[in-house]
Amino acid sequence: MKPDNSNASAVGLSLFFVVGSLIQIVGIVLSKPLADRFGKKAVFISGVAVTTAATLAVFFVGPTSVGLLFWLGVLWAVGWGRQCRCCG
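Residues numbered from 1 in each chain as written. Predicted model: local features only at pLDDT ≥ 70, side-chain atom pairs only at ≥ 80, totals over all residues. Heavy atoms only, no water.

1. Re the overall build of the protein
Next, step 1: Broken down by element type, the protein carries three helices and zero strands.
Next, step 2: Listing the helices and strands of the protein from first to last along the sequence gives α-α-α.
Next, step 3: Taken over C-alpha atoms, the radius of gyration comes to 15 Å for the protein, far larger than the 12 Å a tight globule of 88 residues would show.
Next, step 4: C-alpha atoms of the protein, sized along the principal axes, occupy 50 × 25 × 15 Å.
Next, step 5: Looking at the protein residue by residue over its 88 residues, the buried ones come to 22%.
Next, step 6: Of the contacts formed within the protein by residues at least 6 apart in sequence, a portion of 73% connects residues at least 24 apart.
Next, step 7: Total accessible area on the protein is roughly 6,000 Å²; 74% of this is exposed by carbon and sulfur atoms. (Helix = DSSP H or I, 4+ residues; strand = E, 2+ residues; numbered from the N terminus. Rg over C-alpha atoms; globule rule 2.2 N^0.38 Å. Buried < 20%, exposed > 50% of the residue type's maximum accessible area, 1.4 Å probe, protein only. Contact = heavy atoms within 4.5 Å. Areas by Shrake-Rupley, 256 points an atom, 1.4 Å probe, with all protein chains shown as cover.)

If you want it as structure tokens, here you go:
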């Protein structure tokens, strides 16, 4: 980050995307064991439900609640990661 913080938003957005991608990878890795235990359909439906809930919740969060938006992004990535691999 620059000393005058002129690129703080770019650094924050980059961090947001990196964390989301890493969490999504964890969800993808966990989807196979979950699908083996609970079934592909159940894992897929729960992943869609989590992703949908996190996406809808974003619309009800105020613009100054950056931390909550960050955690909703993490929740979205977990749900998306779980539904990505279990169909394969």
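And the narrative resumes.
2. Description of the pattern of salt bridges
Next, step 1: For the structure on display, the rule yields one salt bridge.
Next, step 2: The closest approach of N and O atoms between Asp36 and Lys32, which form a salt bridge, is 3.1 Å. With a gap of four residues between them, Asp36 and Lys32 both fall in helix H1 (residues 8-38), about one helical turn apart. (Salt bridge = Lys/Arg side-chain N within 4 Å of Asp/Glu carboxyl O.)

3. Let's talk about the packing of aromatic side chains
Next, step 1: One pass over the full model with this rule turns up three aromatic pairs.
Next, step 2: Taken together through their ring pairs, the aromatic side chains of Phe16, Phe17, Phe70 and Trp71 make up a single cluster. (Phe/Tyr/Trp six-rings, centres within 6.5 Å; stacked < 30°, edge-to-face > 60°.)

4. A word on the environment of Gly39
Next, step 1: As for its position among the elements, Gly39 is in the loop between H1 and helix H2 (40-58).
Next, step 2: Overall, the relative accessible area of 23% leaves Gly39 in the partly exposed class.
Next, step 3: The spacing of Gly39 and Leu69 is 30 residues in sequence and 31 Å in space, taken between C-alpha atoms.

5. Regarding the confidence of the model for the protein
Next, step 1: Within the protein, residue pLDDT values average 83, and 92% of them lie at 70 or more.
Next, step 2: The secondary-structure element of the protein with the lowest mean pLDDT is helix H3 (residues 66-85), recorded at 80, while H2 shows the highest, at 89. (pLDDT = per-residue confidence, 0-100.)

6. Side note on the packing of H1 against H2
Next, step 1: Where H1 meets H2, the closest approach of the two axes is 7 Å, and the angle between their N-to-C directions is 125 degrees. Considered as vectors, H1 and H2 are oriented oblique to each other. Side by side, H1 and H2 meet where Ser31, Leu34, Ala35 and Phe38 of the first sit next to Lys40, Ala42 and Val43 of the second.
Next, step 2: Taken together, the residues that form the contact of H1 with H2 break down as five nonpolar, one polar and one charged. (Axes fitted to C-alpha atoms, helices over the stretch in contact; angles between N-to-C directions. Parallel < 35°, antiparallel > 145°, perpendicular 65-115°, else oblique. Nonpolar A, V, L, I, M, F, W, Y, C, P; charged D, E, K, R; others polar.)

7. Observations regarding a nonpolar patch on the surface
Next, step 1: On the surface, Val18, Leu22, Ile25 and Val29 cluster together to form a nonpolar patch covering roughly 370 Å² of accessible area.
Next, step 2: Relative to the elements of secondary structure, Leu22 occurs in helix H1.
Next, step 3: Given a relative accessible area of 51%, Leu22 falls into the exposed group. (Patch = residues over 30% accessible without salt bridge, like charges linked within 9 Å, V, L, I, M, F, W, Y side chains within 5 Å.)

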